[in-house]
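Secondary and tertiary structure notes
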Amino acid sequence: MTTPAAATGTAPQPPDPAPGAEPAPPASEAPAAPAPRPEPRLRLRPGVAVTPLLAGLHLRGRGVGVTLEGSRALPALWRLLSARLAPDRAVRGDGGPRTGTSSPDDADPRTGTRPQADARVRTGTQDQADARARAEAGEAADVRARAEAGEGTDVREQGAASDQADPRVEAAITALTARLREHDLVVEHPQDAELPPWPGSSAAHPAEAAEAIRNARPVVATPDPESPLAASLVRALGRAGASPRVVADGRLAAGRAVITADTPTGAVALAVSCDTDGGFVTEPGPPHRARSDAAAVATRLAAPPPWAASGPATARSRSTVPVPAPSRTTSVRAGAPRRTAAAATGPSPTHVALLAGAAAGRLLAAVAGLPDPAGHEDAFGTDRAGHPAVLIARTEPPEATYHPWAAAPRAARRGPDAPPAPDLGEALRRVTALGDPRLGVLDAPLPGDLPQLPASLASCRTPAGLLVAGAVRADLARLEAACRAAELALADVLPAPVVGASRDHAHGRALRRAALDLEAASTTSETAPAAARGIGDDVRRTHPQAHHWWTVLTERMGRSAELSVRRLGPGEVHAAVVRVRPASSGAGAAPATVSRAVEATAADAVALAALDAVTRVMAAQHAPDRARHTALSGAAAPLAAAGAEPAGWADEGWTDVWLAAIAAREPALRTALRRLTGLRPTPWQGAGHHPLADALRASGFTVLSAPGGPR
């Protein structure tokens, strides 16, 4: 009778081999199953720093800062979690120094094998520190739980340090890890690979990004392969894990280089320029665009700004960002031959390293599929308009900043023309790009030191002179100034141009301008009819906005003025005219001014005409002589009202409610103005290349060619 092995406790013996057969290999020599691929584990992103708080943590990473509060256990929990997230070290406290790394001497004496790359060298002191951290975290969690239950808080003496983590501690660590995931402070990484400092600090998948960089094979083309710029580019690319090579290219200008690299979807390239005055780095794009983009940027930086033709008579009433002309001459002692700074010293090593590092980082970000570094500095959101960004560096004063290139050629843009701006905020962000001090096509309209009460003023320089715009708010004044400045700049290639932030905005401006021309042509006398004066008297007393601006003009500013209002045509179109008499009647007195407005209601027309008169008086007092003037019209109301929700208790005495009411009446007014004027404005396509018109269209603005002169 055979006794089962389970009953006897002995292992069953293998059967005897058949005659002539090879004996079966021992179990220890049987072929092993393939080892499973190591699962990725969470690692703390390189560069993350943490500051423990009394009852929380403050963490800082690339482009993010977050504060976690609510428990005194958080600092102790962090000591546990940071050790788990460290790639090859046991991090203590707030991310202290390395406490141990693996080396050949760390081989296990029993197996002769080395530990994994992410294994920690543990000591008795470290084990005790882990135990203390677990105990503190568990005690703190227990104290918090008992305090919330209303029990006494003096329970620390009842806790004992334990090497085993409390289940509540593990739950808290899981919750803390989830918060780190939400803010992209941790990343999954294979256990058997070293986490590189870059792109590990920002890549969603660092291993894949590092592999793409290794396969990029960048080529640095430069007229001088031995130049400091070429050497610095090679070092910067090499430190990131790439294997660059340098080739000579005599077609490039001195101090310039083009870097080309391979990506999974094709080649990508950018240009970098470096000289004693500064330099730039273009946006990554197709290789055939790098040289032409660099030439266009260099030409723009060397030329005076487009608005410089305004001359010295249009000195602005605010400080501006200077755009100095290139100057490389240095002073020398008397009798010594003069020579340029470029020939004497060349760019400083720090300046060369800055531009080379920026170029390498930007190119490899495109290779690895990482966000463009320019996106981190896009404070005004101009990236949404699709403008390429150019890093521009200067040596005096030392700075390096990304600038939107609104006038970039269409082939250099990231996509087709931007759609019209949906609201006033987006329109102003695009105005900011158009008015960039280094690459812009317009002078940025800003309030500067112009007064903002009782109305708001903004100014900008144009080829025709200084322009001052007035409105109820500074943002609306900036938009009016930008549109009118663009019209003045286009006047040499387009008769009576009209510019708007959207198609409806441009049409509203053009139709109002045509209606004002009709109203001016039909007025034959300086004195308005009695009926017209009666309408104006009624609305300026009853409508809050009309009453406010008329009172500001006549009482607060002490100006004598006449008001007339009349209906134009059979529809709901009203025109208001405000004539302001000169403040004095002497020989040198200023002439009388006339302000006009066309709107759907008499009250809106009176309010905007009076506002125009107020801002004209303010501009005459605070802006230089011969400054041009423009003022708010109801055409901008839909942009200002978009997305705004005025309070339910507010009336038209509040600017937001008044603008929303004008916006609601705008579609019907445009229809009536088309019938009245017969105007059918169409977008101007342009017969040739015009940088300003192209930049406006690329930014979502509309350019119309319509009859009618300026207001």
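Residues numbered from 1 in each chain as written. Predicted model: local features only at pLDDT ≥ 70, side-chain atom pairs only at ≥ 80, totals over all residues. Heavy atoms only, no water.

Here's the deal with the overall build of the protein
Across its full length, the protein carries 19 helices and 20 strands. Burial status across the protein gives 45% buried among its 711 residues. Contacts in the protein between residues far apart in sequence, at least 24 positions, make up 66% of those at least 6 positions apart. Of the roughly 35,000 Å² that the protein leaves accessible, carbon and sulfur atoms contribute 55%. (Helix = DSSP H or I, 4+ residues; strand = E, 2+ residues; numbered from the N terminus. Buried < 20%, exposed > 50% of the residue type's maximum accessible area, 1.4 Å probe, protein only. Contact = heavy atoms within 4.5 Å. Areas by Shrake-Rupley, 256 points an atom, 1.4 Å probe, with all protein chains shown as cover.)

Brief notes about the packing of helix α2 (residues 74-85) against helix α4 (residues 167-182)
At their nearest, the axes of α2 and α4 sit 10 Å apart, and the two run at 70° to each other. Classified by the interaxial angle, the pair formed by α2 and α4 is roughly perpendicular. In this structure, α2 uses Leu 74, Leu 77, Trp 78, Leu 80, Leu 81, Arg 84 and Leu 85 to contact α4, whose residues at the interface are Val 169, Glu 170, Ala 172, Ile 173, Leu 176, Thr 177 and Leu 180. Split into classes, the residues belonging to the contact of α2 with α4 amount to 11 nonpolar, one polar and two charged. (Axes fitted to C-alpha atoms, helices over the stretch in contact; angles between N-to-C directions. Parallel < 35°, antiparallel > 145°, perpendicular 65-115°, else oblique. Nonpolar A, V, L, I, M, F, W, Y, C, P; charged D, E, K, R; others polar.)

Brief notes about helix α7 (residues 228-239)
The first and last C-alpha atoms of α7 sit 16 Å apart over 12 residues, in line with the 16 Å expected at 1.5 Å per residue. Turning to α7, its buried residues are Leu 229, Ala 230, Ser 232, Leu 233, Ala 236 and Leu 237. For α7, the buried positions fall inside an angular range of 165° around the axis, keeping them on one side. Away from its buried face, by an angle of more than 90 degrees, α7 presents the exposed residues Pro 228 and Arg 239. Contact partners of the buried residues in α7: β6 (219-222), β7 (245-248), β8 (256-263), β9 (266-274) and α10 (349-367). One or two residues past the end of α7 sits Gly 241, with phi positive at roughly 105°. (Expected span 1.5 Å × (residues − 1). Arc of directions from axis to C-beta.)

Comments concerning the environment of Ala 576
Within the fold, Ala 576 resides in strand β17 (residues 574-580). Separated by 33 residues in sequence, Ala 576 and Ala 609 have C-alpha atoms that sit 6.3 Å apart. If sequence neighbours within four positions are ignored, Ala 576 has contacts with Leu 563, Ser 564, Val 565, Ser 595, Arg 596, Ala 597, Ala 605, Val 606 and Ala 609.

Here we look at the environment of Asp 651
Mapping Asp 651 onto the fold places it in the loop between α17 (637-641) and α18 (655-677). Note on Asp 651: relative accessible area 46%, which makes it partly exposed.

Some thoughts on unusual backbone geometry
Across the junction of Glu 396 and Pro 397, the peptide omega takes the value -10°, indicating a cis bond. The residue Pro 397 is located in the loop between β11 (389-395) and β12 (398-404) in this model. Even without being a glycine, Asp 184 presents a positive backbone phi close to 60°. Examined against the element boundaries, Asp 184 turns out to sit in the loop between α4 and β5 (186-189). Overall, the relative accessible area of 40% leaves Asp 184 in the partly exposed class. Positive phi, normally seen in glycine, also occurs at Arg 217, with a value near 50°. With respect to the element layout, Arg 217 can be found in the loop between α6 (206-214) and β6. Taking the relative accessible area as the measure of exposure, Arg 217 reaches 52% and is therefore exposed.

Regarding the pattern of salt bridges
For side chains bearing opposite charge, pairing can occur when the charged atoms are close. Applying the stated rule across the entire model yields 30 salt bridges. A salt bridge links Glu 487 to Arg 484; the nearest nitrogen and oxygen atoms lie 2.7 Å apart. Of the two residues, Glu 487 and Arg 484 both sit in helix α12 (residues 474-490), three residues apart, roughly one turn of that helix. Its salt-bridge partner being Arg 567, residue Glu 572 comes within 3.9 Å of it at the nearest N-O pair. (Salt bridge = Lys/Arg side-chain N within 4 Å of Asp/Glu carboxyl O.)

Regarding the sheet that holds strand β3 (residues 56-61)
Reading across the sheet, the three strands line up as β2-β3-β4 and stay open at both edges, with antiparallel pairing between neighbours. Whereas interior strands pair on both sides, the edge strands pair on one side only; in this sheet they are β2 (49-53) and β4 (64-69). Direction aside, the axes of adjacent strands within the sheet are offset by 15° on average. Across five bridges, the pairing between β2 and β3 is antiparallel. Counted as the bridge partner of Pro 52 is Leu 57 from β3. Most of the contacts of α2 go to β3, to which it runs at about 50°, and overall it touches β2, β3 and β4. (Pairing = 2+ DSSP bridges.)

Topic: helix α8 (residues 287-302)
In this model α8 runs 24 Å from its N-terminal to its C-terminal C-alpha over 16 residues, within 8% of the 22 Å that 1.5 Å per residue would give. The inward-facing, buried residues of α8 abut β8, β9, β10 (278-281) and β11.

Quick notes on the packing of helix α16 (residues 602-622) against α18
Where α16 contacts α18, the two axes come as close as 12 Å, and the packing angle between them is 125°. Looking at the two axes, α16 sits oblique to α18. Considering only the axes of α16 and α18, their crossing is left-handed. Taking contact as the criterion, the partners of Asp 604, Ala 607 and Leu 608 in α16 are, on α18, Trp 658, Ile 662 and Arg 665. A class-by-class count of the residues in the contact of α16 with α18 yields four nonpolar, no polar and two charged. (Left-handed = near helix turned anticlockwise from the far one by under 90°.)

Overview of the sheet that holds β12
A sheet is described by the order of its strands in space; here seven strands give the open sequence β7-β6-β8-β9-β10-β11-β12, paired in mixed fashion. Sheet topology places β7 and β12 at the edges, where each strand pairs with a single neighbour. Put simply, the sheet's adjacent strands are angled 20° from each other on average, direction ignored. Strands in contact with α7 are β6, β7, β8 and β9; relative to β8, the strand with the most contacts, it is inclined by about 25°.

Considering the side chain of Ser 273
Within the secondary structure layout, Ser 273 lies in strand β9. Apart from residues no more than four positions distant in its own chain, Ser 273 is found in contact with Gly 255, Arg 256, Gly 278, Gly 279, Phe 280 and Leu 355.

Describing the nonpolar core
Of all hydrophobic cores here, the largest spans 73 residues; its most connected members are Leu 476, Leu 479, Leu 553, Val 578 and Leu 696. With 14 residues, the top contributor of residues to this core is α16. With sequence-adjacent residues up to four places away left out, Leu 696 is seen in contact with Leu 434, Ala 486, Leu 490, Val 499, Phe 701 and Val 703. Core analysis: the next-biggest nonpolar cluster, separate from the first, contains 36 residues, Leu 233, Val 272, Leu 363 and Ala 374 among them. (Core = buried A, V, L, I, M, F, W, Y, C linked by side-chain atoms within 4.5 Å.)

Looking at the side chain of Arg 512
Looking at the element boundaries, Arg 512 is found in helix α13 (residues 503-522). On the accessibility criterion, Arg 512 (4% relative accessible area) is buried. Excluding its chain neighbours within four sequence positions, the residues that come into contact with Arg 512 are Val 598, Glu 599, Ser 633, Gly 634, Ala 635, Glu 666, Leu 669 and Leu 673.

Concerning the environment of Pro 223
By the secondary structure assignment, Pro 223 is in the loop between β6 and α7. In this structure the C-alpha to C-alpha distance between Pro 223 and Leu 252, which are 29 residues apart in sequence, comes to 5.9 Å.

Focus on the confidence of the model for the protein
Close inspection of predicted coordinates is inappropriate for parts of the model with low pLDDT. Residue-level pLDDT values for the protein average 75, and 71% of them are 70 or greater. Of all helices and strands in the protein, the one with the weakest mean pLDDT is helix α1 (residues 5-8) (38), whereas α12 scores best (93). Ignoring residues within four places in sequence, the model shows residues 1-15, a span with pLDDT below 50, making three contacts including any to other chains. When the criterion is pLDDT under 50, residues 310-343 qualifies, and its contacts beyond four places in sequence or with other chains add up to 54 contacts. (pLDDT = per-residue confidence, 0-100.)

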